[in-house]
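Structure assessment
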Amino acid sequence: MILLQVVVSGLLMGAVYALFSSGLTLIWGMMNVVNFAHGDFVMLAMYAAFYAFTLWHLGPAFFVPGAAALLFVLGVVVYLGLVRNVARGPMLAQILGTFGLALVLRYSAFWAFSANFVSLPENLVGGTIDISGIRIEASKLLGGAVALAITLGMHLVLTRTMLGSRVLAVAEDRNAAMLMGIRPDRMQALAWGVGAATTGIAGALIALFFYISPTVGESLSLIAFVVVCLGGFGSVPGALIAGLAIGVIQALSAYLIGAVYQDVLVYSLFLAVLWVRPQGLLGKL
Amino acid sequence: MNINRIATILGLLVIALWPLLVHDVFYQRVGALVLLAAISASAWNLIGGYGGQVSVGHVVYFGAGAYASLIVFTRWGWPPLAGAPIGVAVSLALAALVGTPTFRLRGHYFSMATIAAAELVRILASNWEVTGAAVGLMGPPVPRDIWDFSFTSPVPYHYLFLAVLLALLWLTWLMQRSRMGFYLAAIRGGDRAARSLGVPVLRYKLYALLLSAGFTSLAGTLYAVMVGFVDPESGLGILLSVKMVIIAALGGAGTLFGPLVGAVILVPLEEATNAIFGGGGTGITFIVYGAIILFVARFQPGGMAVIWRSLTARTQASRGKNRAA
């Protein structure tokens, strides 16, 4: 029974991983640029949620959309101010650009919010739910369910709407899309906005049940890379499956081997997949 | 005489005489740290700059060198410098192990694989008693003999580091002019194009990585010999990898003196912020570091090397004009 509880808890965490990783996969598939600051975006959203609650007593119904809007703007600004330019430059510039951004965000957070761990009150979303013997915190259930719904929604928007088709057309072939009357620059800015907004929602959701610290983004970035590589670059359904899988693997290894080794297993798996199938388990290269 | 040669000779002269020019121990120590940072950044430059394969996991080799020297001391009481060959051997093995599979990956994938490998090693070292786990390892508390290379003055370190740096730069210069230099330039331009020209891409990437890993490991040993202490953060932290990349990129990745120039600019800056802000300065240092590479990437990916070239081109041109008039 405990094992089942661990798996469910892993799946819920995995749903949140899937959400912000699908944002990364969207950006990546779109323009073949990696956002090394992706995890730090999540960190910012966590602090946004924390301060929205502690300063103004706003609940999750307000701070989740609020963080999404905030990060959407940040994503668009980062695209217009930085990424659009470095994307045309050499590989080194592409990597250093967002890596520099990650350092600035991470250590500004140190300076602004101090290195101390903080967290939202545990009972912000009430108590624990008991489903036939499996006990789950309501906050985690809410976080997982919302993350799952939004990831699926994003997939539907991408595949079933005109706007989604435009975005995918630019990802497929920028020049051909331009000939079809689509403005690639706008679509890429939109992808960055939406990609960052997923970190906003995910960050605000994780904040409900996870500690918040300036460096939390470092490991979250790596998890997003792992999920995107496993799921295949640019594939939202791939990110969803891989995110859930990583959540379960982490939870199980923390429970069976020890919490210290949960990331060891995830990183080893990541390296193994990169070596054996660099195109990802589900993806095409 | 051309302006580049004058600048090089003057620069190297100042570096060689630095401990004699300043008498304050603080400034002498900064000088030694500049050279140490220049060694690891120049080592990174071999694969990251010349080869264009942006490794963000070079701290693995640095850590191997640092840990090897303090492990041979704590286990067998050897002088820490004796750990250098072991650190280099471990680094070469690691480089072959990590490099062979990951070199098939291009661009970002390679960078991410190197980060993951480095973080993996850091977590493992933080939980292994041979590496001192989270506490780390100490060097000799008092020097037993000259072979411990433990001095209170930074000056002997300055000249040890200078010797290693000059050897590394000389090797880099030889490589740059050899077949390997041209192969790496082709690889930097693009894997596929290089392969179509008949460049054995994987083999030369691996050669560059081995050379780079060996010298990075040496830098780690030198660090451990000077500081006499290593723990997972100071020996294997991701920020060390990042520092190597930033220093090389600011000075000019893929140029001979770029990493040295980057170190001359950034290391004193870091020491100054640490001195001004105390322990809290580390955070501010990395905000500054992050902002610098962000701006380098955004506005001048070639680093100081390109700025220098355009400046000297202008003075050269104006001199030419004067002569004509």
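Residues numbered from 1 in each chain as written. Chains lettered and ligands numbered in written order. Predicted model: local features only at pLDDT ≥ 70, side-chain atom pairs only at ≥ 80, totals over all residues.

**Some thoughts on the confidence of the model for chain B**
This prediction gives chain B a mean pLDDT of 85; 94% of its residues lie at or above 70. As a predicted assembly, this complex carries a pTM of 0.87 together with an ipTM value of 0.82. (pLDDT = per-residue confidence, 0-100.)

**Focus on the environment of L82(A)**
Along the polypeptide, L82(A) turns up in helix α3 (residues 60-86). For L82(A), a count of 20 C-beta atoms within 10 Å translates into the label buried. Along the primary structure L82(A) and V276(A) are separated by 194 residues, whereas in three dimensions their C-alpha atoms are 33 Å apart. Leaving out residues up to four positions away in the same chain, L82(A) has contacts with G97(A), L101(A), L294(B) and R298(B). (Helix = DSSP H or I, 4+ residues; strand = E, 2+ residues; numbered from the N terminus. Buried ≥ 20, exposed ≤ 12 C-beta atoms within 10 Å, placed from the backbone. Contact = placed C-beta atoms within 7 Å.)

**Digging into the nonpolar core**
Soluble globular proteins: nonpolar side chains tend toward being buried together. Core analysis: the biggest nonpolar cluster contains 206 residues, and A49(A), A67(A), L71(A), V227(A) and I39(B) have the highest contact counts within it. Other than its neighbours up to four places away in sequence, L71(A) contacts F41(A), L44(A), A45(A), A196(A), A197(A), T199(A) and G200(A). (Core = buried A, V, L, I, M, F, W, Y, C linked by C-beta atoms within 7 Å.)

**Considering helix α2 (residues 38-56) of chain A**
In an α-helix, one turn spans 3.6 residues; hence positions three or four apart end up facing the same way. Residue and element names in this part refer to chain A. Taking 1.5 Å of rise per residue, the 19 residues of α2 would be expected to cover 27 Å, and the 27 Å separating its terminal C-alpha atoms lies within 8% of that figure. Counting buried residues in α2 gives 14 out of 19 residues, a clear majority hidden from the surface. Just beyond α2, the residue with positive phi is H57, at close to 55 degrees. (Expected span 1.5 Å × (residues − 1).)

**A few points about helix α6 (residues 155-177) of chain B**
Residues and elements named next belong to chain B. Here α6 is 23 residues long and its end C-alpha atoms lie 33 Å apart, about the 33 Å a rise of 1.5 Å per residue gives. Buried within α6 are the following residues: Y157, H158, F161, L162, V164, L165, L168 and T172. Contacts from the buried residues of α6 go to α1 (3-21), α2 (25-50) and α9 (201-227).

**Focus: the pairing of strand β1 (residues 128-131) of chain A**
As a general feature of sheets, a regular strand has side chains that alternate between the two faces. All names here are of chain A. Inspection of the sheet shows β1 paired to strand β2 (residues 134-137) by four bridges, in the antiparallel sense. Its bridge partner lying in β2, I129 is registered against I136. The antiparallel hairpin formed by β1 and β2 contains two residues in its connecting segment, where S132 sits at a positive phi of about 40 degrees. (Pairing = 2+ DSSP bridges.)

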